[in-house]
Amino acid sequence: DEAVGSYQQAIAVKPDYIEAYSNLGNTLLELEREEEAATRCRQAIALKPYHAGAHFNLGKVLYVLGDIDSSIQSHETASKIDPSKRESQLFLDLLKSERTRKKTRQRTGVIKNSYTEFDLNSNPYIQHREVEPELISTLYDINSSPLDEAPGPRYGNGRCSPDYNLFGDDRLIIRTIKNDLTSIMRIAVRSEVHIYDSFFNIFGAGGGITPHTHLTSIDSDKRFDFERQKYSLVYYLSAGDQDCSDPGILRLYDPREDILPYNGMILIFPASRRHSAVYGGKTDRVLVGANFYRL
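These numbers were taken from a predicted model, which means no experiment stands behind them.

Draft legend 1. Summary view of the overall build of the protein chain. Summing up its helical and strand segments, the protein chain has 9 helices and 12 strands in all. Projecting the C-alpha coordinates of the protein chain onto the three principal axes gives extents of approximately 65 × 50 × 40 Å. In the protein chain, which comprises 295 residues, the proportion classed as buried is 47%. Here the contacts in the protein chain between residues at least 6 apart in sequence split such that 72% fall between residues at least 24 apart. On the protein chain, roughly 14,400 Å² of surface is accessible, and the fraction owed to carbon and sulfur atoms is 48%.

So this is what it looks like as structure tokens:
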């Protein structure tokens, strides 16, 4: 409520303050004042038709109001204005998929309203893929950041990709791994997928990850309910030295399950499932990770 008052004051001082209108719309949506939210987003768009954030926020509001077609149009516009805005493309793919499922249900009468972890063939789903030595050496050549300087649950000795767009790299070996892992994802969840994050981690002795999930605030918002469609993948290129007190066991929670990785091991599990690991080996552990949605 205080945020609403502040945005309204900003607009009173500067009536053409586009970001204030757009952010006010987003805040009103959080307060479940959807009609007012839509009005504010449209005011922002009227002031600046090519404002990607306003179209994105309007798309969210329209979805909550039940107008999926108009929501898709707003997200298409936001994505065209700013192709780098990953959230717009995510909403676009998920909403188009939802619209297709609804039409199929109407046509066939077959009802499947929700996703659960059991949409995985198993939880966790485990596969194996032979690792190309070139892939490991390529990751060492890519620019990286120290684990301790990276946002999120990673810590300690090691390096990681500087962003979450590893699969955007144009190297042939990266394109190959992207295609192969995408095929495995599709088999695991029996559906087309949208890959949202892709990254690599190189853990040295003392590196690890604290208990965490891979859910964002959008995933956890029950009005969108994307949580049940999101999964995490980890591919161990080199399991490292496991003859130590902390061999890098991947600990899954709820229920608890301890998994000792091996070279070439691929695990897929719901992104809502907490997990952690501590590694203390003398040689590096190298892995590729991804977060993706079932469409």
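From this point, the narrative continues.
Draft legend 2. Main features of the pairing of strand β11 (residues 275–279). Summarising burial for β11: 4 of the 5 residues are buried, a large majority. In the sheet, strand β6 (residues 207–212) pairs with β11 via 4 bridges, with the strands oriented antiparallel. Bridge assignment links Gly-207 to a residue of β11, and that residue is Tyr-279. Across 2 bridges, the pairing between strand β8 (residues 250–252) and β11 is antiparallel. Bridged to Leu-252 within β11 is His-275.

Draft legend 3. Quick look at the environment of Lys-178. With respect to the helices and strands, the residue Lys-178 is situated in helix α8 (residues 172–189). For Lys-178, a relative accessible area of 33% gives the class partly exposed. Distance in space between the C-alpha atoms of Lys-178 and Phe-167 is 6.0 Å, their sequence separation being 11 residues.

Draft legend 4. Spotlight on helix α3 (residues 34–47). With 14 residues, α3 ought to run about 20 Å at 1.5 Å a step, and its terminal C-alpha atoms sit 20 Å apart, in line with that. On its buried face, α3 is in contact with α2 (18–30) and α4 (52–64).

Draft legend 5. Up close: the packing of aromatic side chains. Overall, the coordinates contain 8 aromatic pairs when judged by the stated rule. Judged by centre distance (5.3 Å) and plane angle (85 degrees), the rings of Phe-91 and Phe-224 are edge-to-face. With Phe-91 in helix α6 (residues 86–108) and Phe-224 in the loop between α9 (217–220) and β7 (230–238), the pair connects residues that are 133 residues apart, well separated along the chain. Judged by relative accessible area, Phe-224 falls into the buried class, the value being 5%.

What counts, and at which threshold
- Residue positions within a chain follow its written sequence, with the count starting from 1.
- Two thresholds apply to this predicted model, a pLDDT of at least 70 for residue-level local features and 80 or more for giving and counting side-chain atom pairs, whereas whole-chain, interface and lining totals are computed over all residues.
- Note that water and hydrogens are dropped before the side-chain values are worked out from all heavy atoms of the structure.
- Strands are runs of DSSP state E lasting at least two residues, helices are runs of H or I lasting at least four, and both sets are numbered from the N terminus onward.
- For the exposure calls, accessible area comes from a 1.4 Å probe over protein chains only, and a residue counts as buried if that area is under 20% of its type's maximum, exposed if over 50%, partly exposed in between.
- Should any heavy atoms of two residues lie within 4.5 Å, those residues are considered in contact.
- Note on areas: Shrake-Rupley with a 1.4 Å probe; residue coverage comes only from the protein chains shown.
- In this scheme, strands are said to pair when DSSP sees at least two bridges between them.
- Helices are assigned an expected span. That span is 1.5 Å times one less than the residue count.
- Any Phe, Tyr or Trp ring, taking Trp's six-membered ring, that has another such ring centre within 6.5 Å forms a pair; planes under 30 degrees apart are called stacked, those over 60 apart edge-to-face, and the others tilted.

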